[in-house]
Amino acid sequence: MADEEERTGRRLERAILELLERRRPEATICPSDAARAVYEGGDDGWRALMEPARRAAGRLAEAGEVTVTQRGRQVDPATARGPVRIRRAR
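Residues numbered from 1 in each chain as written. Predicted model: local features only at pLDDT ≥ 70, side-chain atom pairs only at ≥ 80, totals over all residues. Heavy atoms only, no water.

Visitor: Describe the nonpolar core, naming the residues involved and giving the relevant values.
Guide: Membership of the largest hydrophobic core comes to 20 residues, with the highest contact counts inside it found for Leu12, Ile16, Leu20, Ile29, Ala34, Val66 and Ile86. For this core, the elements supplying multiple residues, two or more each, are helix H1 (2–21), helix H2 (31–38), helix H3 (50–62) and strand E2 (66–70). The element that contributes the greatest number of residues to this core is H1, accounting for 5 residues. Contact partners of leucine 12, with chain neighbours within four places excluded, come to Ala34, Ala35, Val38, Leu49, Pro52, Ala53 and Ala56. (Core = buried A, V, L, I, M, F, W, Y, C linked by side-chain atoms within 4.5 Å. Buried < 20%, exposed > 50% of the residue type's maximum accessible area, 1.4 Å probe, protein only. Helix = DSSP H or I, 4+ residues; strand = E, 2+ residues; numbered from the N terminus. Contact = heavy atoms within 4.5 Å.)

Visitor: Residues and numbers for the pattern of salt bridges, please.
Guide: Across all of its chains, the model carries 6 salt bridges by this definition. One salt bridge connects arginine 10 with glutamate 6, and the closest N-O pair in it is separated by 3.0 Å. Linking arginine 10 with glutamate 6, this pair stays in helix H1, spanning 4 residues, or about one helical turn. Given the relative accessible area of 48%, glutamate 6 is considered partly exposed. (Salt bridge = Lys/Arg side-chain N within 4 Å of Asp/Glu carboxyl O.)

Visitor: Could you give me a rundown of the environment of arginine 7, with the residues and numbers involved?
Guide: Here arginine 7 shows up in helix H1. Its relative accessible area of 41% is what places arginine 7 among the partly exposed residues. Expressed as a C-alpha distance, the spacing of arginine 7 and glutamate 62, which sit 55 residues apart in the sequence, is 19 Å. Within the local environment of arginine 7, its side chain forms a polar contact with the side chain of glutamate 4, the two groups lying 2.9 Å apart. (Polar contact = N/O pair within 3.5 Å; in protein donor to acceptor, adjacent residues only side chain to side chain.)

Visitor: Lay out H3 with the relevant residues and their values.
Guide: If you check H3, its first and last C-alpha atoms are 18 Å apart, about what 13 residues at 1.5 Å a residue would give, namely 18 Å. Along H3, the residues that are buried comprise Pro52, Ala53, Arg54, Ala56, Ala57, Gly58 and Leu60. Positive backbone phi, at 80°, marks glycine 64, one or two positions downstream of H3. (Expected span 1.5 Å × (residues − 1).)

This is the structure we're talking about:
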């Protein structure tokens, strides 16, 4: 099971970076954008990927590749409550 979670996490990280690459430099995405991009079903099963998507954003933030924000301020996605946005690191 851990292998599947690790693969999903890597897919979410790639999806975050690819989604940001397609947008203007200052644009942001929601973790749900990455969850929807990775989910292969036609229903709302992508919702189960929301926490893994936030964790993926956290790993990318730790690596200095993205910044996670809430109301325009940088936050730690592990402790932030409520909606967050992801943008390319500046």
